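So the chains spell out like this:
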Amino acid sequence: MTETATGAVQYAEDWGVVGQSAAAAALRHALISGRLTHAYLLSGPEGAGKATLARRLAQALICKAGVRPCLECRTCRQVDSGDAPDIEGITIGGVCDEGNHDHASDNSTRIRICQVRRLERVANLSPFAAARRIFIIDTADELQPEGANALLKTLEEPPATSLLILLATDPEALLPTIRSRCQQLTLTPAPASEVAAALVERAGVPEGEALDLARLSRGRYGLALRMHGDPSLAVLRETATEQVRSLSRAGRNERLDYAQQLSRSWQRERESVLATLDVWRSWWRDVLHASAEVPGGTPAASGPLEQCSPAQALAALSATQRAREHLITNTNPQLALEVLMLDLPVLPAQGMRDGEEAREPIAVTPEAD
Amino acid sequence: MRLSCQQEDLHRGLSAVARAIPARSALPITQHVLLTADGDQITLSATDAETIAITYTITASIDEGGSITMPSRLLSDFVATLPRENIEMTLAERSRQVSLSCARNDASIGGMDPDDFPPIPPVDDSATISVEAARFRRALSQVVFAAAADDSRPVLTGVHFAIDGTEMRLAAADGFRLAVHTLELPDSASECSVIVPARALAELTRLLAEAEDAISVTFNAAGTQVQFDLGHAKLVAQLIQGTFPDTQRLIPEGHTSRTEVAVGEFNRETRIAQIFARDGSGIVRLVASPGEGGAPGRLTISARAEELGTNEGEIDAIVEGEEVKVAFNGRYLREVLDVLDTDRVAIETQDQPSPGVIRPLGDDSYVHVIMPMFVQW
């Protein structure tokens, strides 16, 4: 604290968040100019480096070294391992103040309101060891609606010594009132070459494999690293991408069959169905980026993407999102998935003319939920 | 680290610091207690790395100093059941295994790196106030219970300490009631206004039970922490940030009626009424009538349980002013009567509906305000 007053503190140029040097530089600049706001919303796809960037910001704020974050001192290491006082991660299954239930064992699918209430209480206490209390909400997409509303109060009038960092894969799906109370920072995918180079250098992945992983992860270092550690993830990803690709051209019967098949596996393995939907979601997002010609949205090497209008891609994206919501909130799985199948746009098959199967899907969009 | 100490001492110390350990925490190390052996004493520390930290010092004979953390629950349960004899403790530095032996029982407990233990925040010596332990404990017991239990307004979950000159005013409120206790300080202190979490003060009250002399209270210069130093034990609490409501304005000035009753009788009748009130909305009705033609005044305390039954108790009272009809939440009434240590108490009311002001007779240091409930009479 005293160092800050004398201006002797320096902030490291490189925070080591692969592919996110621009976002890191923005935060660093805010630190240097003393214009750090009370709440940040870091958005970007899964594995893009949101959580790492949030930890780096926390480290930059509480590290005691001359050049921060040093990533070597005990404080920095404790932040990375989640053992630092004053830095609290709010995740599914985390702790709350209520003694009558335990999120770790009750299969929570959301960040619950009691966890947000705890955050509110702790945020109003003076920091324990550091100069700030920092809360990393990982991810804000998973906040229970009541929890999101409860968070608004703290976001509106945050205690002076607290900092909230919200992570979100889909910031548009958050409450607009949450978005408007945070400074938003969007993490974009990195070039495949940068990700591959980092994989080789940091994780010792052989060069050829590194490039494959970088492409498969669509420029997300975290995801690439996870796929390297758990090859089944890469397989799941490839299968799911293949599925959504063929489903987008399939007829109604084929789709409904698939919905039935998927709803059966929902009973046994929720996680893998959710993971499949996540892949579909990110695939449609990429299609949307490509169709709307957003620069930097998709690395060039990620494979051929379907031709469709932005409106169709957007409809597919929100249908997938809706189905995911329905599944989490215990709607009849087959119904939820059938609705999804009917909502997906029908894309013209490659090498086949419009027509045949490609009839307009029946409009059963349940807008009012 | 190699030392020996008395089972009773270690047991007492461990149970004192264990109160700081959270039921659940994101940080596993907070489930540990830190032992530091130096000179001729062991310092035990525990913290939730969030609100409070407690340290407790016991005497021991130390052959070799050192420090280690051990799982609090395991260690204190183990020590609690040992016979009252000498405990020998040896730490194998490399493996962080602590072997304990007492009488003919041996145990080995795995510890963790003491450097990973959250540092107990040092409270710099800015302004230290000395206050007598017994009086402070009494003041806390009359105030802490009135703090809010839910977190919807974080400042109300704490007790407001307002120090000015030789006066320390403790206040707690939860939106329905307010408790204020004013303590005289032996020495004049600089002005200060902070909010201390009620949870920390509840733990402090426990520790104060075995303190005899004056304790010192230190607020750090940054206004973030307070330390209560009891000599052998220290409690550090993180302050709640924010502004406490102006409690002076919440105490009604003047009254139209004043009812004086014996605390014991009033408390007993309130207890009975509350049994009937608990099935309803906790409403306990008070009717105070002044005596007529030389007859003494009386206070009736009644409650109804819908479709179950009714209850009415009557006690003698000195009633000044008009007849009073007022209803309170029975729990609030009982909680304040439980902490009064005078024989008699006065309830002051204004024209309804107005808050009831409760003042123990012959003790100007305490005042309690309860909001009335709206009922059909």
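It should be emphasised that the depicted structure is a prediction, and the values quoted were computed from it without experimental measurement.

(A) Examining the domain arrangement of chain A more closely. All names here are of chain A. For chain A, the assigned domains are domain 1 (8-88 + 111-186), domain 2 (191-229) and domain 3 (241-343). A straight line from the C-alpha centre of domain 1 to that of domain 2 covers 26 Å. Of the residues lining the interface, 7 residues belong to domain 1; the matching set on domain 2 comes to 9 residues. Summing the contributions of domain 1 and of domain 2, the shared interface buries around 680 Å²; its carbon and sulfur component is 53%. For the interface between domain 1 and domain 2, the tally reads 1 salt bridge. The salt bridge partner of R226 is E46, with a shortest N-O separation of 3.2 Å. For the pair domain 1 and domain 2, the number of links is 6 residue pairs in polar contact (both at pLDDT 80 or more).

(B) Structural view of the interface of chain A and chain B. Taken together, the contact between chain A and chain B spans 30 residues of the former and 27 residues of the latter. Across the chain A/chain B interface, buried area totals approximately 2200 Å², and carbon plus sulfur atoms make up 48% of it. One can count 5 salt bridges joining chain A with chain B. A salt bridge links E50 of chain B to R118 of chain A, with the shortest nitrogen-to-oxygen separation between them at 2.9 Å. Here chain A is connected to chain B by 13 residue pairs in polar contact (both at pLDDT 80 or more). Looking at the side of chain A that touches chain B, the elements that each hand over two or more residues are α4 (74-81) and α5 (113-123) of chain A. With 6 residues, the single largest contributor to the side of chain A that touches chain B is α5 of chain A. Here the residues of the side of chain A that touches chain B are counted per class, giving 12 nonpolar, 7 polar and 11 charged.

(C) Structural detail: unusual backbone geometry. With omega at -10°, the peptide bond leading from R68 of chain A into P69 of chain A counts as cis. Inspection of the secondary structure assignment puts P69 of chain A in the loop between β3 (67-68) and α4. D138 of chain A connects to T139 of chain A through a cis peptide bond whose omega is 0°. Looking at the element boundaries, T139 of chain A is found in the loop between β5 (133-138) and α6 (145-156). If you check the backbone angles, N330 of chain A has positive phi at about 65° while not being a glycine. Within the element layout of this structure, N330 of chain A appears in the loop between α14 (310-328) and α15 (333-343). On the basis of relative accessibility, which here comes to 57%, the residue N330 of chain A falls in the exposed class. A positive phi angle is found at E307 of chain B, which is not glycine, with a value near 60°. Position of E307 of chain B relative to the elements: it lies in the loop between β18 (297-305) and β19 (309-321).

(D) Layout of the pattern of salt bridges. Across all of its chains, the model carries 43 salt bridges over all chains by this definition. Among the ionic pairs, R56 of chain A bridges to D80 of chain A, the shortest N-O distance being 3.4 Å. Separated by 24 residues along the polypeptide, R56 of chain A in helix α3 (residues 50-62) and D80 of chain A in helix α4 bring together distant segments of the chain. Judged by its relative accessible area of 36%, D80 of chain A falls in the partly exposed class. Two residues, R177 of chain B and E335 of chain B, come together in a salt bridge whose shortest N-O distance is 2.5 Å. Here R177 of chain B is found in strand β12 (residues 177-197), whereas its partner E335 of chain B is found in helix α6 (residues 330-339), with 158 residues between them in sequence. Here R177 of chain B falls in the buried class, since its relative accessible area comes to 5%. Among the charged side chains, a salt-bridge network with shared partners connects R258, E260, E320, R344, E348 and R359 of chain B.

Calculation rules
Residues numbered from 1 in each chain as written. Chains lettered and ligands numbered in written order. Predicted model: local features only at pLDDT ≥ 70, side-chain atom pairs only at ≥ 80, totals over all residues. Heavy atoms only, no water. Domains from an automatic or database assignment. Contact = heavy atoms within 4.5 Å. Buried area = accessible area lost by both parts, 1.4 Å probe. Salt bridge = Lys/Arg side-chain N within 4 Å of Asp/Glu carboxyl O. Polar contact = N/O pair within 3.5 Å; in protein donor to acceptor, adjacent residues only side chain to side chain. Helix = DSSP H or I, 4+ residues; strand = E, 2+ residues; numbered from the N terminus. Nonpolar A, V, L, I, M, F, W, Y, C, P; charged D, E, K, R; others polar. Buried < 20%, exposed > 50% of the residue type's maximum accessible area, 1.4 Å probe, protein only.

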